[in-house]
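# Working through the structure, step by step
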Amino acid sequence: YYRRSWSSESSDSVISSESGNTYYRVVMIGEHGVGKSTLANIFAGVHDSMDSDCDVLGEDTYERTLMVDGESATIMLLDMWENKSEEEWIQDHCMQVGDAYLIVYSITDQASFEKASELRIQLRRARQTEDIPIILVGNKSDLVRCREVSVSEGRACAVVFDCKFIETSAAVQHNVKELFEGIVRQVRLRRDSKEK
Ligand code: GDP
Ligand code: MG
């Protein structure tokens, strides 16, 4: 039942298997250079701080099963926002296919923070009727001396945009695991409230 109620009608990406495992398509979007691919590589286990295996499904798609709160969830992570061919349809596609989104900016780059707001608006426009789980991600938190966006600005923006907020550092792997667990929890919260 809930499969239909919270994924777009054209998408059947959220599948509940007999084992209770669920599949979530998580899309990363954000300005060039903010650290999306570095975060994706950590997810993929290149630097292995997470404890399960990952399948690399293509140069920009990764799949990994996580245990979150005693329940397993498989995330398919899409890092194709900045496709080299710059074809517009890829970004349109990204806006349509996600079950959840990570909007990433760099705390050292005010322009990337402003871009994050633009992307939130674009996403709202693309998926008007849906309550899509989103985490606003302020990456590069290790670069304290170059900070241009404060924690409170990030948090305030997330309140306005009705999404969660986290600061991460892909470089020192701070809060990265928490980020991916967080997005699973956000999807589940919506699922559980729909089931009632
Ligand atoms: P993308 O364009 O969003 O995919 O960004 P990349 O993942 O390619 O990262 C751009 C640059 O920022 C690379 O040189 C990364 O090594 C660097 N970078 C990414 N994340 C961090 C971080 O958390 N801290 C620091 N200091 N550098 C980072
Ligand atoms: Mg990249």
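Residues numbered from 1 in each chain as written. Chains lettered and ligands numbered in written order. Predicted model: local features only at pLDDT ≥ 70, side-chain atom pairs only at ≥ 80, totals over all residues. Heavy atoms only, no water.

We now examine the pattern of salt bridges. Summed over all chains, the structure comprises nine salt bridges. In this structure, Glu 71 and Arg 188 form a salt bridge, with 4.0 Å as the shortest nitrogen-oxygen distance. In this pair, Glu 71 sits in strand 4 (residues 71-78) while Arg 188 sits in helix 6 (residues 176-195), placing the two residues 117 residues apart along the sequence. Residue Asp 192 pairs with Arg 191 through a salt bridge whose shortest N-O separation is 3.2 Å. (Salt bridge = Lys/Arg side-chain N within 4 Å of Asp/Glu carboxyl O. Helix = DSSP H or I, 4+ residues; strand = E, 2+ residues; numbered from the N terminus.)

This part is about helix 4 (residues 110-126). For helix 4, built from 17 residues, the straight-helix expectation of 24 Å at 1.5 Å per residue is met to within 8% by its first-to-last C-alpha distance of 25 Å. Buried within helix 4 we find Ser 112, Phe 113, Ala 116, Ser 117, Leu 119, Arg 120 and Leu 123. In an axial view of helix 4, the angular spread of the buried residues amounts to 160 degrees, which keeps them on one side of the axis. At its buried positions, helix 4 is contacted by strand 1 (22-30), helix 3 (88-97), strand 5 (100-106), strand 6 (134-139) and helix 5 (151-160). For helix 4, the N-terminal capping position is held by Asp 109, with its side-chain oxygen 3.1 Å away from the main-chain nitrogen of Ala 111. (Expected span 1.5 Å × (residues − 1). Buried < 20%, exposed > 50% of the residue type's maximum accessible area, 1.4 Å probe, protein only. Arc of directions from axis to C-beta. Contact = heavy atoms within 4.5 Å. Polar contact = N/O pair within 3.5 Å; in protein donor to acceptor, adjacent residues only side chain to side chain.)

Turning next to the site of ligand 1. Neighbouring ligand 1 are 16 residues; Gly 33, Lys 36, Thr 38, Asp 142 and Ala 170 lie closest to it. For ligand 1, an oxygen atom lies 2.8 Å from a polar atom in the side chain of Lys 36. Between ligand 1 and Thr 38 there is a distance of 2.5 Å, counted from an oxygen atom to a side-chain nitrogen or oxygen. Here the element with the most residues in the shell around ligand 1 is helix 2 (residues 36-43); it accounts for three residues. Each residue belonging to the shell around ligand 1 can be placed in one class, and the counts come to four nonpolar, seven polar and five charged. (Near = heavy atom within 4 Å. Nonpolar A, V, L, I, M, F, W, Y, C, P; charged D, E, K, R; others polar.)

Looking now at unusual backbone geometry. The phi angle at Lys 140 is positive, at roughly 70 degrees, despite the residue not being glycine. Mapped onto the elements of the fold, Lys 140 is located in the loop between strand 6 and helix 5. Looking at Lys 140, the relative accessible area reads 25%, which means it is partly exposed. Phi is positive for Gln 173, which is not a glycine, with a value near 55 degrees. With a relative accessible area of 27%, Gln 173 lands in the partly exposed category.

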